[in-house]
Amino acid sequence: MAVLTLHNTLTRRREIFVPLDPQHVRVYVCGPTVYDLAHIGNARPAVVFDLLARLLRRIYPRVTYVRNITDVDDKINARAAASGEPIASITARTTADYHADIAALGVLPPDVEPRATSHITDIIAITERLIASGHAYAAEGHVLFSVPSYPAYGRFSGRSPDELLAGARVDVAPYKRDPADFVLWKPSPPDLPGWDSPWGRGRPGWHIECSAMSWKHLGESFDIHGGGTDLIFPHHENERAQSLCAFPGSRFARFWVHNEMLNVGGAKMSKSLGNFFTIRDVLAKAPAEAIRMALLRAHYRSILDYSPAAVAACRADLDRFYRALERTPAPADAVPASVMDALCDDLNTPAAFAAMHALADRAMGGDAAASGGLLAAGRLLGLLGSTPAAWFRGGEDTGWIDAAIAERLAARKARDFARADAIRADLLARGVLLEDGPGGTTWRRA
Ligand code: AMP
Ligand code: ZN
């Protein structure tokens, strides 16, 4: 059996992954809050954990991959108040859009996709357990987690007590015993979503939703919990505190796997900064496989700089792979050890793609085994799902060249001549010669 190593945020080390039950691997990943179209940054965790699930399924007999939908949240309420669209309509429409967008990127559905609003009973049950054991208290219709009741609080995310206090100051409220205490349940006025509870009509906080859904579908202890690095604090710190206190003696998630952020122009892509492209924006401009590959080309624990030129480079790589498959057709064979070893090495996708290029070289030279291996590797990565004929049918697309020229122009304007020269050299390596003239930059085949 292949040996998988994963970097564990909990121990801050790479560890050999050994599941609690080798017959059944259990994974939970935080899914989207459904109030708006997903951007290409939101697609990164979806694609990274899709690949991890595919790899686990290749290695273990059974995998349960749970990825939730957060369909009760103040951002959703705010959107409904602003637009007048009913909440149920916003969440249903956005969930369907999310499914369509990430399916286009080759993301397979998770085994279970729980919705927070279908787990209110579980949320109330966990909250009652926390109150009964002194880790939470009710006050003025709220229920708060008592941070001082859990001395290890902050250790997971590596926050010092000072940092925790600085963060908590933003959120002072008279009903809190300690400024760091956070909400498990809060009252809901009649015009907002709410459920009857022992503390009156109210709605859950975000963190407790994930504790309840992972418990319900995977049990008190499970194998892997995933999400973006931006969720380590406070979301995952709070999830851990809640679950470990609600289920003494349990371990909650043993491995915590976090993807780094996707950046554009040096900043994290985010809705609040407004620097985002939606998944459908980019799907309109480039083949879905090129976008998926662009999301996997950087190692998941590295920042990924997203640009049209990066997508274009992946498209050129895929052209090369498909050309090799066309030259030497072969049925998909076993995934070659070079690719499997790379993926089992903490999902080292850059190394996997390098191995695929080596296979493509051999397939170009007529090696049918290499071609079958390349196809199998592509399928494991959720790529090469097309036939070469279908892939190339659209005729030559030169959009990637225009995108690279635009990026070079931007680099020159920013006086980043090293980058501009690198883009020119990269195009030349792919057979495209740039010519700068008074009317701008044109290109021809070198
Ligand atoms: P949000 O819409 O901010 O709640 O994010 C939903 C999911 O997308 C979370 O798992 C985040 O970690 C992830 N995410 C948001 N922005 C980015 C980004 N720029 N790069 C990678 N992941 C992101
Ligand atoms: Zn979560």
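The rules behind these values
- Residues numbered from 1 in each chain as written.
- Chains lettered and ligands numbered in written order.
- Predicted model: local features only at pLDDT ≥ 70, side-chain atom pairs only at ≥ 80, totals over all residues.
- Heavy atoms only, no water.
- Pairing = 2+ DSSP bridges.
- Helix = DSSP H or I, 4+ residues; strand = E, 2+ residues; numbered from the N terminus.
- Near = heavy atom within 4 Å.
- Polar contact = N/O pair within 3.5 Å; in protein donor to acceptor, adjacent residues only side chain to side chain.
- Areas by Shrake-Rupley, 256 points an atom, 1.4 Å probe, with all protein chains shown as cover.
- Nonpolar A, V, L, I, M, F, W, Y, C, P; charged D, E, K, R; others polar.
- Patch = residues over 30% accessible without salt bridge, like charges linked within 9 Å, V, L, I, M, F, W, Y side chains within 5 Å.
- Salt bridge = Lys/Arg side-chain N within 4 Å of Asp/Glu carboxyl O.
- Buried < 20%, exposed > 50% of the residue type's maximum accessible area, 1.4 Å probe, protein only.
- Axes fitted to C-alpha atoms, helices over the stretch in contact; angles between N-to-C directions.
- Parallel < 35°, antiparallel > 145°, perpendicular 65-115°, else oblique.
- Left-handed = near helix turned anticlockwise from the far one by under 90°.
- Contact = heavy atoms within 4.5 Å.
- Donors = N, O, S within 2.8 Å, 3.2 Å for Na, K, Ca; no water.
- Tetrahedral: all angles 85-135°; square planar, octahedral: opposite > 155°, others 65-115°.
- Phe/Tyr/Trp six-rings, centres within 6.5 Å; stacked < 30°, edge-to-face > 60°.

## Some details on the pairing of strand S5 (residues 136–139)
Strand residues, when the strand is regular, have side chains that alternate between the two faces of the sheet.
Piece 1. Across 4 bridges, the pairing between S5 and strand S6 (residues 142–145) is antiparallel. Across the sheet, residue Tyr137 finds its bridge partner in S6, namely Leu144.
Piece 2. Once S5 ends, the chain turns through 2 residues before running back antiparallel as S6, passing Glu140 with a positive phi of about 50°.

## Considerations on the site of ligand 1
Piece 1. Near ligand 1 lie 13 residues; those nearest to it are Gly41, Asn42, Asp230, Leu262 and Met269.
Piece 2. In the model, a nitrogen atom of ligand 1 is placed 3.1 Å from a nitrogen or oxygen of the Gly41 main chain.
Piece 3. Take Leu262: an N or O atom from its main chain is 2.7 Å from a nitrogen atom of ligand 1.
Piece 4. In the complex, 88% of the free accessible area of ligand 1, which totals 490 Å², lies under the protein chains.
Piece 5. When residues in the shell around ligand 1 are grouped by element, the largest group, 3 residues, is from helix H1 (residues 40–59).
Piece 6. When grouped by side-chain class, the residues that make up the shell around ligand 1 number 5 nonpolar, 5 polar and 3 charged.

## Notes on a nonpolar patch on the surface
Piece 1. Taken together, the side chains of Val3, Ile16 and Val18 make up a nonpolar region of the molecular surface, amounting to roughly 280 Å² of accessible area.
Piece 2. Following the sequence through the fold, Ile16 ends up in strand S2 (residues 13–16).
Piece 3. Looking at Ile16, the relative accessible area reads 54%, which means it is exposed.

## Looking at the packing of helix H2 (residues 74–83) against helix H3 (residues 87–104)
Piece 1. Two numbers describe how H2 lies on H3: the axes approach to 9 Å, and their chain directions differ by 115°. By the angle between their directions, the pair H2 and H3 is classed as roughly perpendicular. Along this stretch, H2 crosses H3, giving a crossing that reads as right-handed. Seen from H2, the contacting residues are Ile76, Asn77, Arg79, Ala80 and Ser83; seen from H3, they are Ile87, Ile90 and Thr91.
Piece 2. Taken together, the residues of the contact of H2 with H3 sort by class into 4 nonpolar, 3 polar and 1 charged.

## A few points about the coordination of the zinc ion (ligand 2)
Piece 1. Within the protein, Cys30 (SG), Cys210 (SG), His235 (NE2) and Glu239 (OE) serve as the donor atoms for the zinc ion (ligand 2), at 2.0 to 2.6 Å.
Piece 2. In this structure, the zinc ion (ligand 2) is coordinated by 4 donor atoms arranged in irregular fashion, with angles at the metal of 74 to 131°.
Piece 3. In the primary sequence, the donor residues of the zinc ion (ligand 2) line up as C-x179-C-x24-H-x3-E. Of this pair, Cys30 sits in the loop between strand S3 (25–29) and H1 while Cys210 sits in helix H6 (residues 206–218), and the two are 180 residues apart along the sequence.

## Concerning the side chain of Asn263
Piece 1. Within the element layout of this structure, Asn263 appears in strand S11 (residues 262–264).
Piece 2. Exposure remark for Asn263: the relative accessible area of 8% places this residue in the buried category.
Piece 3. Look past the residues within four positions of Asn263 in its chain and what remains in contact with it is Lys268, Met269, Ile303, Leu304, Asp305 and Tyr306.

## Observations concerning the packing of aromatic side chains
Piece 1. Enumeration according to the criterion identifies 11 aromatic pairs in this entry.
Piece 2. Here Phe17 and Tyr60 contribute two aromatic rings whose centre-to-centre distance is 6.0 Å and whose plane-to-plane angle is 85°, an arrangement assigned as edge-to-face. Of the two residues, Phe17 is situated in the loop between S2 and S3 and Tyr60 in the loop between H1 and strand S4 (63–67); the sequence distance between them amounts to 43 residues. The residues Phe17 and Tyr60 share a single accessibility class, namely buried.
Piece 3. Geometrically, the ring pair formed by Phe222 and Phe252 is edge-to-face, given 5.3 Å between the ring centres and 85° between the ring planes. Taken together, the residues span a long stretch of sequence, with Phe222 in strand S9 (residues 221–228) and Phe252 in strand S10 (residues 252–259) at a distance of 30 residues.
Piece 4. Looking at Phe252, the relative accessible area reads 2%, which means it is buried.
Piece 5. Among the aromatic side chains, those forming a connected cluster through ring pairs are Phe156, Phe222, Phe252 and Trp256.

Without other data, these values stay purely geometric and don't point to any function.
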